[in-house]
Amino acid sequence: MEQKKLLEISDELLDLLLDFKKDNPDFTFSLRERDSPQAKDVKRLEKGQWFQGSNYIYVPLFRKGDNARKIKTIGFVVGSNREGEQTNYIEVSFKKGDFTNEEISFHKELSEIFDIKLNNENVGYFQFDDPKNYIENLSFYLNEFRTTALELLKSYKLEDRFLITEDNFQKRLKKIYEIKKVLGDPSYSVNNRNTIIKESDENIMKQPLNQILYGPPGTGKTYNTINKAIEIANPNFDLTQDRNIVKSEYERLVNEGQIVFTTFHQSMTYEDFIEGIKPVIEENEDGAKSVVYEVKNGIFKEICKNAEKPPFEKLEVKKNYSFDDAFNDLVLEANEKLENNEQLFLPILTENLGLKIVGISDRGNLILKPIYSDDAKEYIVSYSRAEKLQQVFPDLSVIKNIDKEFRAVIGGSNSTAYWSVLNYINNKINSEKKSTSQNIALPPKPFVLIIDEINRGNVSQIFGELITLIEEDKRLGNNEELEVTLPYSKEKFGVPSNLHIIGTMNTADRSVEALDTALRRRFVFEEMLPKYELEELQQNLYGFSASDILKTINLRIEKLLDRDHQIGHAYFIHKNEITIIDSFYKNIIPLLQEYFFGDYGKIGLVLGKGFIQEDSDFKDNKIETSFFASFNYDNAEDFENRISYRVLGLNDKDFDFENAIKLLMNKK
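Model, not experiment: these values are computed from the prediction.

1. Thoughts on the sheet that holds strand β12 (residues 366-370)
- The 4 strands lie next to each other as β10-β11-β12-β13, forming an open sheet whose pairing is antiparallel. Each edge of the sheet is formed by a strand with only one pairing partner; in this case those strands are β10 (344-347) and β13 (379-381). Within the sheet, the average angular offset between the axes of one strand and its neighbour, ignoring direction, is 40°.
- When strand β11 (residues 354-360) meets β12, the two strands line up antiparallel, connected through 5 bridges. Counterpart to isoleucine 357 in the pairing with β12 is leucine 368.
- Relative to β11, helix α12 (residues 323-339) is tilted by about 85°, and along the sheet it contacts β10, β11 and β12.
- Against the sheet, helix α15 (residues 415-432) contacts β10, β11, β12 and β13, and its axis sits at roughly 100° relative to β10.

What follows is the structure, encoded as structure tokens:
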């Protein structure tokens, strides 16, 4: 089939299969994972061949099979014959020895249902009447053939071995979307296909690698940082659960090193963050202590190294080794001996006696002789009879009378010869069936570094030359990846693509504009403002909703200062008429004092005269002489007439908090 036509059909089939998945969410199918090593320089996947096959398309219904070993299981095939005519059929293919008895029975029964004739190599085809109408034929493949195959799988309890997992499917589909974007197909952007990609995968992809949450105090920056970190590190976790459960998950991820939290400050240095020479105290056998200096990894380098380590899962693998495999190995071993003019010895129950294999018949049967004489009678051990015996006697130790019990199964035969062969086969099966453990490489885990108060540190000094490496396209594994040689360890170092950086910035502490320009270019900024619509802000406080009180305060602050110095909703959430008093005097008023640098007149414009009043010590004190000490100073009289203010406290006589709130809201 021509390459252009092949790619067109591959695209069309992928669309049809994904449309079918929309209506059948549990449906998965096998996609090409990578180009075959045998294909050498032929980059089929990169060109757009989404399924198995070279000059044809093979769409596996279940597990992908192994083309190199001619194990294709079940597939929908579109190709062409030698004359160039289009072909379309369903192929059922399985190889004896690589499947369990249940799997073989499954394939055979499925073939019988659809009248598929299997040849000697266990390969058969369901030919469509109209091979050019592959769209309609695919519908039959998905709706009728697949439905029957699924029912059979369940009856044989083979779903786990044959069905492709959703995670595996999504991982390969995601890779195909990335290739399609490179090929210039905008219709396959991840966001446009979010009905197919798992929500958890899409959430990770939506999260930028470098982001900063900025806003006034109390707007939920730290709260949302925890949520975002969990969403990245464990995308399947349900963040709508109780907050204590969410915090427990966060602590778990921190303890496992998948999330690391740090805070920038004026004393933070490159040596703390990347690497530096640090003193280490050593003690010898006599207890004498000395100081040596070693290069130690900083917070950032340490999490980068952890993120680079490939995760593994230990998997217990049970080798499927059948009678066929053991008999074939026996024949191979016997042939090797015969080619070297030797004979394979098979022991029997009588000590120091046994039989030797002197030949293999044209039908594949074994020819044996007793070891004590070359002139002794030959015995034939057939494959079919030995198989029947092995099915009945997988353990020879239970046999009490060999002649009688063997004859009951296979009739007249030399029981000693069959016993010697069966003993070899049973021992071989038992030795080969031992389970082994394998380390299976897993996809890299996402890691998260949280930098609180990122704008309080000297970013240029802390990041140093690595400020360039955190850019998405400069990360390891990307097209423009960069590495630098670190100054202390002289190691090559790069930033892995699975490390996310989340910073927080309090805009009331320092404005956004003051942040290092190099850092600003490399981060996505998300503003966190007070959320007046929150359900937790709708409670009534002295006749006003908490939301309205907060909004009134913030509108006044914005007029007098700017939006960076607002009050966050955290100071009002879940507050009642008792706890709101504490919030005002321990949080809100101290913040306003800091915002306005002690200008109580402006604080009074925000809170009203219920909270701020003229200081009676100055207002009521009639001073006949000069208030200040005798000293020559221009405009001293202006200061004498200046009004002083103070914050009314709970201990002040006649102070009424409810009345103060009403005055704040201009309702009295």
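2. Notes on the pattern of salt bridges
- With the rule as written, the count across this model stands at 18 salt bridges.
- One salt bridge in this structure joins lysine 305 and glutamate 491, with 4.0 Å as the shortest N-O distance. A residue pair is termed long-range when its members are at least 10 positions apart, and lysine 305 in helix α11 (residues 299-308) and glutamate 491 in the loop between β16 (484-485) and β17 (492-493) qualify at 186 residues.
- Lysine 305 gets classed as partly exposed once you look at its relative accessible area, which sits at 26%.
- On the basis of relative accessibility, which here comes to 35%, the residue glutamate 491 falls in the partly exposed class.
- Across the salt bridge formed by glutamate 471 and arginine 522, the nearest N and O atoms sit 2.9 Å from each other.

3. Observations concerning helix α23 (residues 657-664)
- Taken as a whole, α23 has its buried residues at Phe657, Ala660, Ile661, Leu663 and Leu664. Buried residues along α23 cover an arc of 160° about the axis, so they all sit on one side.
- As for α23, its buried residues are in contact with β20 (540-541), β21 (544-545), α18 (546-560), α19 (579-595) and α20 (600-607).
- The N-capping residue of α23, defined by a side-chain oxygen 3.1 Å from the backbone nitrogen of glutamate 658, is aspartate 656.
- At the C-terminal side of α23, asparagine 666 shows a positive phi close to 55°.

4. With respect to the packing of α19 against α23
- The geometry of α19 relative to α23 is characterised by a closest axis approach of 11 Å and an angle of 65° between their N-to-C directions. By the angle between their axes, α19 is roughly perpendicular relative to α23. In the crossing of α19 with α23, the sense of the turn from one axis to the other is left-handed. Residues Ile580, Ile581, Phe584 and Tyr585 of α19 lie in contact with α23, whose contacting residues are Phe657, Ile661 and Leu664.
- Residue composition of the contact of α19 with α23, grouped by class: 7 nonpolar, no polar and no charged.

5. Focus on the sheet that holds strand β6 (residues 259-263)
- An order of β6-β15-β18-β5-β19 is seen for the 5 strands of this open sheet, with the pairing classed as parallel. On the outer flanks of this sheet lie β6 and β19 (524-527), each paired with one strand and no other. Between one strand axis and the next, the sheet turns by 20° as a mean value, whatever way the strands run.
- Pairing geometry for β6 and strand β15 (residues 447-452), over 5 bridges, is parallel. Considered in β15, the bridge of threonine 262 is made with isoleucine 451.

6. So, the packing of aromatic side chains
- Using the criterion set out here, one finds 34 aromatic pairs in the structure.
- What links up through ring pairs into an aromatic cluster is the set Phe76, Phe114, Phe126, Phe128, Phe140, Tyr141 and Phe145.
- Above the plane of the ring of tyrosine 223 lies arginine 243, whose end atom (NZ or CZ) is 3.7 Å from the centre.

7. A look at the packing of α18 against α20
- At a closest axis distance of 8 Å, the pairing of α18 and α20 adopts a crossing angle of 145°. Along its contact with α18, which presents Ile553, Arg556, Ile557 and Leu560, the element α20 presents Lys602, Leu605, Val606 and Leu607.
- By residue class, the composition of the contact of α18 with α20 is 6 nonpolar, no polar and 2 charged.

Here is what the cut-offs are and how they apply
Residues numbered from 1 in each chain as written. Predicted model: local features only at pLDDT ≥ 70, side-chain atom pairs only at ≥ 80, totals over all residues. Heavy atoms only, no water. Pairing = 2+ DSSP bridges. Helix = DSSP H or I, 4+ residues; strand = E, 2+ residues; numbered from the N terminus. Axes fitted to C-alpha atoms, helices over the stretch in contact; angles between N-to-C directions. Contact = heavy atoms within 4.5 Å. Salt bridge = Lys/Arg side-chain N within 4 Å of Asp/Glu carboxyl O. Buried < 20%, exposed > 50% of the residue type's maximum accessible area, 1.4 Å probe, protein only. Arc of directions from axis to C-beta. Polar contact = N/O pair within 3.5 Å; in protein donor to acceptor, adjacent residues only side chain to side chain. Parallel < 35°, antiparallel > 145°, perpendicular 65-115°, else oblique. Left-handed = near helix turned anticlockwise from the far one by under 90°. Nonpolar A, V, L, I, M, F, W, Y, C, P; charged D, E, K, R; others polar. Phe/Tyr/Trp six-rings, centres within 6.5 Å; stacked < 30°, edge-to-face > 60°. Lys NZ or Arg CZ within 6 Å of the ring centre and 35° of its normal.

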